[in-house]
Amino acid sequence: MIKAISVGLQHRNQTREQVLESLEELEGLIDAIGGKSVGYLVKRKDFPDASTLVGGSYLNLIKELVEGTGSNAVVFDEFLTPSQVRNIEAILGVDVLDRANVVFEIFMRRAKTQQAKLQIELAKLTYELPRLYGLGARLSRQSGKMGTRGPGEQLVEIKRRAIQKRIHKIREEIEQIKKHHKEQRKNRFKTNNLKVALVGYTNAGKSSLMKALTKKDVFISNMLFATLDTKVGTGFVDGEKIFITDTVGFIDRLPPELVESFKTTLEEVVLADLLLFVVDISDKRWLHKINTVEKILQDIGAHEKPILYVFNKIDKIVNNKEQIALFEKSFFFEKPYILVSSERDWNIDALLERMKSYYKSHINLTYTYA
Ligand SMILES: Nc1nc2c(ncn2[C@@H]2O[C@H](COP(=O)(O)OP(=O)(O)OP(=O)(O)O)[C@@H](O)[C@H]2O)c(=O)[nH]1
Ligand SMILES: [Mg+2]
């Protein structure tokens, strides 16, 4: 089991509070891979050190803590370069992980469908490929001669080719699955039905909202990245069928390779007529999380869709449904939104009613441009 010390870096223009909040989230991520974070450290550094990130003397301090607590890993809340990982490992003598490694690990464990498994493997291999080079140089140095290609480099070359081959194969397989999905989607597209996609930060309550809207059971859990696969359900507004898609949650500093490889899954988002942007209103970082999700929507080219912000978990803020209106008097949000509780079924009907107006304008649009 991983018993880790987490290390955060306080960059310029960042408050200590922000770093601690991110470390708290990292603790949740470590927990999700069955590990334990025994404590965290924050290092203030305006200019991160190219070779060791935090600097040699600080690493000695970490080393003391590792030994004192009997930890077997140190997790950095950053993306490390391959040489940083090597240098830090050499000093600390325990495994060194970065935020990307932890996120990949969670995704690998949670993936159930063939498509999700392939997408994660692809992301992981793409992340690892450029990181192989340093390794070869190190292996060769151990064997001596300058100027010639050492055995280490040859080994890495073989490994690199194997990875490239595998990447190629995965891409082909994903392409196949994609074709199959396209067929399925075609049937949905034949109709005029409104297509809605749920998006949001992990743990915001997307699957819970899906359940409330479709009255069907879906997997809900208080763990990060409970949902990894896109699921389409159907709901009804005035007897009209609507398609609702639940998607993978987003998180701060998601490795770009992961976003890239999940684009196939997220295609449902790009093709939706309306996005329900689910936000956990009881989370003190909700505004920050909205920004994170909006950036990723931009990455996948879905930021210009009609968006309705659904502030969920309002039951954690007010005691009953009637108090929502009172709360709203001091709630300022300039974009279209609604406050709901998926768990208590508060305002879900009102949300369906709101979707109706989108439905009407959607029909008009389809009509106009058909
Ligand atoms: N109090 C309260 N808890 C809620 C509500 N909606 C969801 N939750 C809880 O929030 C946690 C996350 O819910 P999910 O629906 O799995 O969240 P998600 O956005 O699908 O999460 P990922 O799939 O991990 O991205 C669960 O423990 C839910 O029980 C709500 O309206 N009120
Ligand atoms: Mg979910």
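So, here's what we can say about the structure. Worth saying up front: this structure is predicted, and the values here are computed from it rather than measured. Numbers given to residues run from 1 along each chain, matching the order in which its sequence is written. Here every chain gets a letter starting at A, and every ligand a number starting at 1, in the order they are written. The model is predicted, so local features are restricted to residues of pLDDT at least 70 and side-chain atom pairs to those at 80 or more, both for listing and for counting; the totals for chains, interfaces and linings are taken over all residues. Processing note: side-chain calculations cover all non-hydrogen atoms of the structure and skip hydrogens and water entirely.

1. Remarks on the sheet that holds strand β5 (residues 194–200)
Next up, step 1: At least two DSSP bridges between two strands are required for those strands to pair. Here a helix means four or more residues in a row that DSSP labels H or I, a strand means two or more in a row labelled E, and each is numbered from the N terminus. Taken in spatial order, the six strands make up an open sheet running β6-β7-β5-β8-β9-β10, and their pairing is mixed. Across the chains shown, the open sheet's two edge strands, defined by having one partner strand only, are β6 (231–237) and β10 (337–339). The mean inter-strand angle of the sheet, taken between neighbouring strand axes irrespective of direction, is 25 degrees.
Next up, step 2: Bridge analysis of strand β8 (residues 274–280) against strand β9 (residues 307–312) gives six bridges, and the strand direction is parallel. To obtain each axis, a line is fitted to C-alpha atoms, and for helices this fit is confined to the stretch in contact; angles are then taken between N-to-C directions over 0 to 180 degrees.

2. Quick word on helix α5 (residues 114–128)
Next up, step 1: For α5, spanning 15 residues, the distance from its first C-alpha to its last is 21 Å, which sits close to the expected 21 Å at 1.5 Å a residue.
Next up, step 2: Those residues of α5 that sit buried are Gln 115, Ala 116, Leu 118, Gln 119, Ile 120, Leu 122, Ala 123, Leu 125 and Tyr 127. Residue count minus one, scaled by 1.5 Å, sets the expected span of a helix. The buried label applies to any residue whose accessible area, calculated with a 1.4 Å probe on protein chains only, is under 20% of its type's maximum; exposed applies above 50%, and partly exposed to all values in between.

3. A few points about the pattern of salt bridges
Next up, step 1: Salt bridges are defined by distance alone: a side-chain nitrogen of Lys or Arg within 4 Å of a carboxyl oxygen of Asp or Glu. In the structure shown here, the tally under the stated rule is 19 salt bridges.
Next up, step 2: The partner of Asp 77 in a salt bridge is Arg 99, and the shortest N-O contact between them spans 2.6 Å. One end of the pair, Asp 77, is in the loop between β3 (73–76) and α3 (82–92); the other, Arg 99, is in helix α4 (residues 99–110), with 22 residues separating them in the sequence. Across the pair, Arg 99 and Asp 77 agree in class, each one buried.
Next up, step 3: We note a salt bridge from Arg 253 to Asp 77, for which the minimum N-O separation is 3.5 Å. In this pair, Arg 253 is assigned in the loop between β7 (240–246) and α9 (256–261) and Asp 77 in the loop between β3 and α3, connecting sequence segments 176 residues apart.
Next up, step 4: On the basis of relative accessibility, which here comes to 34%, the residue Arg 253 falls in the partly exposed class.
Next up, step 5: Residues joined in a network through salt bridges with shared partners are Glu 21, Glu 25, Asp 77, Arg 99, Asp 252, Arg 253 and Arg 285.

4. Digging into the coordination of the magnesium ion (ligand 2)
Next up, step 1: Atoms of type N, O and S within 2.8 Å of a metal are treated as its donors, and for Na, K and Ca the window is 3.2 Å; water is not considered, so some sites may appear to be missing partners. Looking at the magnesium ion (ligand 2), one finds its protein donor set to be Ser 207 (OG) and Thr 227 (OG1), positioned 1.9 to 2.2 Å from the metal centre. Within this pair, whereas Ser 207 is found in helix α8 (residues 206–214), its partner Thr 227 is found in the loop between α8 and β6, the two being separated by 20 residues in sequence. With respect to burial, Ser 207 and Thr 227 carry one shared label: buried.

5. Topic: the packing of aromatic side chains
Next up, step 1: Two aromatic rings from Phe, Tyr or Trp, using only the six-membered ring of Trp, form a pair when their centres are within 6.5 Å; if the ring planes differ by under 30 degrees the pair is stacked, by over 60 it is edge-to-face, and anything between is tilted. Throughout the structure, instances matching the rule amount to 14 aromatic pairs.
Next up, step 2: Measuring from ring centre to ring centre gives 5.3 Å for Trp 286 and Phe 311, while their planes differ by 80 degrees; the resulting arrangement is edge-to-face. Here Trp 286, found in helix α11 (residues 286–299), pairs with Phe 311, found in strand β9; they are 25 residues apart in sequence, far enough to count as distant.
Next up, step 3: Residue Trp 286 is classed as buried on the basis of its relative accessible area of 18%.
Next up, step 4: Here Phe 311 and Phe 331 contribute two aromatic rings whose centre-to-centre distance is 5.1 Å and whose plane-to-plane angle is 80 degrees, an arrangement assigned as edge-to-face. With a gap of 20 residues between them, Phe 311 in strand β9 and Phe 331 in the loop between α12 (323–329) and β10 connect regions that are remote in the sequence.
Next up, step 5: An aromatic cluster is present here, built from Phe 277, Trp 286, Tyr 309, Phe 311, Phe 327, Phe 331, Phe 333 and Tyr 337 joined pairwise through their rings.

6. Considerations on the site of ligand 1
Next up, step 1: In the vicinity of ligand 1, 23 residues are found, and the nearest of them are Lys 206, Ser 208, Ala 226, Asp 315 and Glu 343.
Next up, step 2: Polar contacts, as counted here, are pairs of nitrogen or oxygen atoms within 3.5 Å of one another; within protein the pair requires one atom able to donate a hydrogen and one able to accept it, and residues that are adjacent in sequence qualify only if both atoms are side-chain atoms. Note that an oxygen atom of ligand 1 is positioned 3.2 Å from one of the backbone N or O atoms of Ala 204.
Next up, step 3: Take Ser 207: an N or O atom from its side chain is 2.9 Å from an oxygen atom of ligand 1.
Next up, step 4: Per-residue accessibility takes into account occlusion by the displayed protein chains alone, with areas from the Shrake-Rupley method and a 1.4 Å probe. For ligand 1, the protein covers 92% of the area, taking 650 Å² as the surface of the free molecule. Near is defined per residue: the residue qualifies when any heavy atom it owns lies within 4 Å of the molecule or strand.

7. Examining the nonpolar core
Next up, step 1: Counting residues in hydrophobic clusters, the biggest one holds 60 residues, and the most contacted among them are Phe 225, Leu 297 and Phe 311.
Next up, step 2: Setting aside its immediate chain neighbours within four residues, Phe 311 contacts Val 279, Ile 281, Trp 286, Ile 290, Phe 331, Phe 333, Tyr 337, Ile 338, Leu 339 and Val 340.
Next up, step 3: Working definition of a nonpolar core: buried Ala, Val, Leu, Ile, Met, Phe, Trp, Tyr and Cys residues. They are joined through side-chain atoms within 4.5 Å. Membership of the second largest hydrophobic core comes to 24 residues, among which are Leu 209, Leu 276, Val 310 and Met 355. For this analysis, residues touch if any pair of their heavy atoms sits within 4.5 Å.

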